[in-house]
Every structure is written in C-alpha cells, then in structure tokens.
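# A look at the structure
The residues making up each chain are set out below.
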Amino acid sequence: MIVREIKENELSGLLELYTHLHELCVPENSARLQNTWAAICNDENHHIIVCEADGKLVSSCVCVIIPNLTRNIRPYAFVENVVTHTDHRGKGYATACLNYAKKLAVKADCYKMMLLTGSKIESTLHFYKQAGYNCTDKTAFIQWL
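## Some points on helix H3 (residues 93-107)
Note: α-helices contain 3.6 residues per turn, so residues at a spacing of three or four share the same orientation. Helix length check: H3, at 15 residues, gives a terminal C-alpha distance of 21 Å against a target of 21 Å (1.5 Å per residue), a fit within 8%. Where H3 is concerned, the buried positions are Tyr93, Ala94, Ala96, Cys97, Leu98, Ala101, Leu104 and Ala105. Buried residues along H3 sit in contact with strand E1 (2-5), strand E2 (46-53), strand E3 (56-66), strand E4 (76-84), strand E5 (113-115) and helix H4 (122-130). Trailing H3 by a residue or two, Asp109 shows a phi angle of about 65°, which is positive.

In structure tokens form, the structure reads like this:
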C-alpha cells in the first residue's frame, strides 16, 4: 500500500474510483472538466490523497486547507469525497488516506478538521468515529444549490 498525493496524469483513475462513491458514471472529458482539474492541481491548499495497491488507485479523500482569520489566524481543514473501491473495503486504505490528511493539517497548523458524510449507515459512522472524528461538537447545515 502506498499513500500519497495524486499525480496530474491520474485523473481518469480518480474519476473511475468516484463511481464507488456516489457518481453514476465517469464525466465526459470536456473543457470544464480539464479546467477544474487544472485549478485543483494548481491550488496548493487542495490535496487529493490516494491509496495505491497493486498499481491501482483503491481509495482516496480530498483535504482542503482553508486560510482563516480567527483562532489566532490558524487555518482549518475540510475533508470530503472519502471513497474506497467496493472490492477493497475493510483493508485500512481509507484510514490511511485520512491519516495522511491529518498529517497535512497538522503540518499546516490547522486548529481543526471537519468531515461531512451523507451516510446514515452505522458502520460508516463508526469508521469516522474510529478515525478520530466526532458528531457531537458541531451541527452541520447544508443548503443544496
């Protein structure tokens, strides 16, 4: 298992992995897709962490470091799009990705990390609790646009 940040030429593997999250299919290769990918790759605060096993991307998460003017001007980290390929779940790959994200957040002197999940599945919620996240400190409100 190798945990690292994604390489620019691995977009197609990441998009395929996202079909195990909530995407129904890989999006069409368009100018919008390429522009978005370029913006992500060129943003020093946007980290896509991947876990590779046997030369294949099997798990990933996004960690965005957000500059902040409160909390003694310390940033915070937001974790999103945690996914593991269905055939590779339960092997510690997502945990390794989350641990890598935590190292990035500590290195950036973040005062907190946040993670949202739409899952109500108890095993998924337990997984996040085991990874050090809690669901009691804050209340999340979402407005879909």
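## Quick word on unusual backbone geometry
You will see that Asn72, though not glycine, has its phi angle at about 60°, which is positive. With respect to the helices and strands, Asn72 occurs in the loop between E3 and E4.

## Observations regarding a nonpolar patch on the surface
Taken together, the side chains of Leu116, Ile142 and Trp144 define a hydrophobic patch exposed on the protein surface, amounting to about 390 Å² of accessible area. You can see Leu116 is positioned in the loop between E5 and H4. Residue classification places Leu116 among the partly exposed residues on the basis of a relative accessible area of 34%.

## Digging into the packing of helix H1 (residues 11-18) against helix H2 (residues 31-41)
Where H1 contacts H2, the axes come no closer than 12 Å and their chain directions differ by 105°. Judged on the interaxial angle alone, H2 and H1 are roughly perpendicular. Between H1 and H2, the residues in contact are Leu11, Leu14 and Leu15 and Leu33, Gln34 and Trp37, respectively. Partitioned by chemical class, the residues of the contact of H1 with H2 number five nonpolar, one polar and no charged.

## Re the pattern of salt bridges
Going through the model one piece at a time under the given rule, you end up with three salt bridges. A salt bridge links Arg4 to Glu10, with the nearest nitrogen and oxygen atoms 2.7 Å apart. Residues Arg4 and Glu10 agree in their burial class; the two are buried. Linking Arg74 and Asp109 is a salt bridge whose minimum nitrogen-to-oxygen distance equals 3.4 Å. In this pair, Arg74 is assigned in the loop between E3 and E4 and Asp109 in the loop between H3 and E5, connecting sequence segments 35 residues apart. With relative accessibility at 28%, the residue Arg74 sits in the partly exposed group. The class for Asp109 is partly exposed, based on a relative accessible area of 42%. Residues joined by salt bridges that share partners form a network here, namely Arg4, Glu10 and Glu52.

## Focus on the nonpolar core
By size, the foremost hydrophobic cluster in this structure holds 21 residues, and its most contacted members are Ile49, Cys61, Val79, Val82, Leu98 and Leu115. Of all the secondary-structure elements, those providing two or more residues to this core are E2, E3, E4 and H3. Setting aside residues no more than four positions away along its own chain, Leu98 makes contact with Cys61, Val79, Val82, Leu115, Phe127, Tyr128, Ala131 and Tyr133. Trp37, Ile48, Leu57 and Val83 belong to the second-largest nonpolar core, a separate cluster that totals 13 residues.

Rules of the game
- Residues numbered from 1 in each chain as written.
- Predicted model: local features only at pLDDT ≥ 70, side-chain atom pairs only at ≥ 80, totals over all residues.
- Heavy atoms only, no water.
- Helix = DSSP H or I, 4+ residues; strand = E, 2+ residues; numbered from the N terminus.
- Expected span 1.5 Å × (residues − 1).
- Buried < 20%, exposed > 50% of the residue type's maximum accessible area, 1.4 Å probe, protein only.
- Contact = heavy atoms within 4.5 Å.
- Patch = residues over 30% accessible without salt bridge, like charges linked within 9 Å, V, L, I, M, F, W, Y side chains within 5 Å.
- Areas by Shrake-Rupley, 256 points an atom, 1.4 Å probe, with all protein chains shown as cover.
- Salt bridge = Lys/Arg side-chain N within 4 Å of Asp/Glu carboxyl O.
- Axes fitted to C-alpha atoms, helices over the stretch in contact; angles between N-to-C directions.
- Parallel < 35°, antiparallel > 145°, perpendicular 65-115°, else oblique.
- Nonpolar A, V, L, I, M, F, W, Y, C, P; charged D, E, K, R; others polar.
- Core = buried A, V, L, I, M, F, W, Y, C linked by side-chain atoms within 4.5 Å.

Remember that the coordinates give geometry; whether it matters functionally is a separate question.
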